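Given next are the chains, with one letter for each unit.
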Amino acid sequence: MFYSKPVTEIMKMRFSCRTYTDKPIAEEDRERLSAFLSVSGRGPFGGAARFKLIAATDEDRKALKGLGTYGFIKGASGFIVGAVGPSSKNLEDFGYTMERAILFATDVGLGTCWLGGSFTRSSFAKKISATVEELVPAVASVGYILPKEQSGVTIRQIVGGHNRKPPENLFFRETFGIPLSSDEAGPYAVSLEMVRIAPSASNKQPWRIIKDRGSWNFYMQRTRGYGNSLSFRILNIADLQRVDMGIAMCHFELTVRELGLKGRWEIKEPKIEKPNALCEYTISWIGEV
Ligand SMILES: Cc1cc2nc3c(=O)[nH]c(=O)nc-3n(C[C@H](O)[C@H](O)[C@H](O)COP(=O)(O)O)c2cc1C
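In this text the structure is predicted, and so the values were computed from the model without any measurement.

**Here we look at the pairing of strand β6 (residues 207-212)**
The buried fraction of β6 amounts to 5 of the 6 residues, a majority that puts the element mostly inside the structure. Note that strand β5 (residues 171-173) and β6 share 3 bridges and pair parallel. Among the inter-strand pairings, Phe172 is bridged to a residue of β6, identified as Ile210. Pairing analysis gives 6 bridges linking β6 to strand β7 (residues 215-221), with the strands arranged antiparallel. Counterpart to Asp212 in the pairing with β7 is Ser215. What sits between β6 and β7 in their antiparallel hairpin is a turn of 2 residues, with Arg213 showing a positive phi close to 50°.

**Quick look at the sheet that holds strand β2 (residues 78-84)**
Strand order in the open sheet made by the 4 strands is β1-β2-β4-β3, with antiparallel pairing throughout. Here the strands that pair on one side only, and so sit at the sheet edges, are β1 (49-55) and β3 (111-116). Strand after strand, the sheet turns through a mean of 20° between neighbouring axes, direction not considered. Of the strand pairs in this sheet, β2 and strand β4 (residues 138-143) are connected by 4 bridges, and their pairing is antiparallel.

**Points about the packing of helix α8 (residues 189-196) against helix α10 (residues 240-258)**
Two elements in contact, α8 and α10, have axes separated by 8 Å at closest approach and are oriented at 150°. When the axis of α8 is compared with that of α10, the two are roughly antiparallel. Relative to α10, the crossing made by α8 is right-handed. Contacts between α8 and α10 involve Val190, Ser191, Met194 and Val195 from the former and Ala248, His251, Phe252, Thr255 and Val256 from the latter. Tallied by class, the residues present in the contact of α8 with α10 amount to 6 nonpolar, 3 polar and no charged.

**What to know about α8**
Burial of α8 is extensive: 6 of the 8 residues sit out of reach of the surface. Turning to α8, its buried residues are Ser191, Leu192, Glu193, Met194, Val195 and Arg196. Next to the buried residues of α8 lie α1 (7-13), β5, α7 (182-185), β6 and α10.

**Observations concerning the domain arrangement of the protein**
Once the domains are mapped, the protein shows domain 1 (7-151) and domain 2 (154-288). Considering every element that reaches the side of domain 1 that touches domain 2, the biggest residue donor is helix α4 (residues 90-108), with 8 residues. Split by residue class, the side of domain 1 that touches domain 2 holds 10 nonpolar, 11 polar and 5 charged.

**Concerning the packing of helix α2 (residues 27-38) against α4**
Where α2 contacts α4, the two axes come as close as 10 Å, and the packing angle between them is 160°. Judged by the inter-axis angle, α2 sits roughly antiparallel to α4. Of the two possible hands of crossing, α2 and α4 adopt the one that is right-handed. Judged by residue contacts, Asp29, Arg32, Leu33, Phe36 and Leu37 of α2 engage Ala101, Phe104, Ala105 and Val108 from α4. Of the residues that constitute the contact of α2 with α4, the class distribution is 7 nonpolar, no polar and 2 charged.

**A short note on the site of the ligand**
Around the ligand, the surrounding shell holds 21 residues, and the nearest of these are Thr69, Gly71, Gly116, Pro199 and Asn203. Listed by contribution, the elements that provide at least two residues to the shell around the ligand are β3 and α10. Residue composition of the shell around the ligand, by class: 11 nonpolar, 8 polar and 2 charged. Composition of the shell around the ligand by domain shows at least three residues from each of domain 1 (7-151) and domain 2 (154-288).

**Describing unusual backbone geometry**
With a phi close to 65°, Glu174 is a non-glycine residue in the positive phi region. In this structure, Asn203 is a non-glycine residue whose phi angle is positive, near 55°. Here Asn203 shows up in the loop between α8 and β6.

**Some words on the pairing of strand β9 (residues 279-288)**
The pairing of β7 with β9 spans 7 bridges and is antiparallel. Each residue of the ladder has a partner; that of Tyr219, found in β9, is Tyr281. Note that strand β8 (residues 262-266) and β9 share 5 bridges and pair antiparallel. Residue pairing in the sheet places Lys262 in a bridge with Glu288 of β9.

**Some remarks on the sheet that holds β6**
Reading across the sheet, the 5 strands line up as β5-β6-β7-β9-β8 and stay open at both edges, with mixed pairing between neighbours. Whereas interior strands pair on both sides, the edge strands pair on one side only; in this sheet they are β5 and β8. Averaged over all pairs of adjacent strands, the angle between strand axes in this sheet comes to 25°, irrespective of strand direction.

Cut-off values and rules
Residues numbered from 1 in each chain as written. Predicted model: local features only at pLDDT ≥ 70, side-chain atom pairs only at ≥ 80, totals over all residues. Buried ≥ 20, exposed ≤ 12 C-beta atoms within 10 Å, placed from the backbone. Helix = DSSP H or I, 4+ residues; strand = E, 2+ residues; numbered from the N terminus. Pairing = 2+ DSSP bridges. Axes fitted to C-alpha atoms, helices over the stretch in contact; angles between N-to-C directions. Parallel < 35°, antiparallel > 145°, perpendicular 65-115°, else oblique. Left-handed = near helix turned anticlockwise from the far one by under 90°. Contact = placed C-beta atoms within 7 Å. Nonpolar A, V, L, I, M, F, W, Y, C, P; charged D, E, K, R; others polar. Domains from an automatic or database assignment. Near = placed C-beta within 6 Å.

In structure tokens form, the structure reads like this:
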């Protein structure tokens, strides 16, 4: 693993930091993060995204407001900008590879916040020289965490992620509707918990996982109107719930690997009835015994 601490510890440390100290990122930290970004690799579906760390200018900070992002970002000294080429699961691969980078930044001691918006034709896209074929689905603000922000969040994490859906609404056994107990999840219970604390656009948590024997089947439960609403279409914002799925896959796989469990991703939709038309199959993790 490319991290200095257990990945589960890093996932628990991460939160959406929206207020930073004004301190520029130290050269050593900047170099470590840039080096990681330059070899970011491919996602599970085979798509490669490119990433770059840029220093934030006043124009960048101002531009954010007009790009469909929400939440007020204050004092960020840099941004991670990423671009991904066309392919059927490019947004999932983008989410997966960008979250790996976010966790690296967290490990380095930086605060981050995912920002989804209409970046593809923005000044951010120019900074990574995005081609006409490429999308820039999201960027992330980075910088040193203002201590006040961190203390508030530490309390939130201690009380057990009260701003997340309970596991019984997310993880099931054999079919939708039968919650998977922690005993039934066995060693994978930790991986599921790491999915549960993953970031998602507007905290909608669209991930659903059904365990069926050795397979962990990932589904996306779309939020009605979200991503397809008029404002999203007018602003040309990427389908961020697909990005969320890639993030969840990243948390699941990195945790599984850290636990020493073996397996692989496979696109093989099981014959499981989906609860509604807004639910879509994404991929399955096939555990090896
Ligand atoms: C794809 C994506 C897009 C996001 N876009 C924004 C955004 O535009 N503005 C913002 O303040 N937070 C944004 N977030 C952060 C989420 O609101 C945040 O992850 C969620 O509320 C859970 O909180 P946590 O990250 O502190 O655990 C985004 C997250 C993701 C994964």
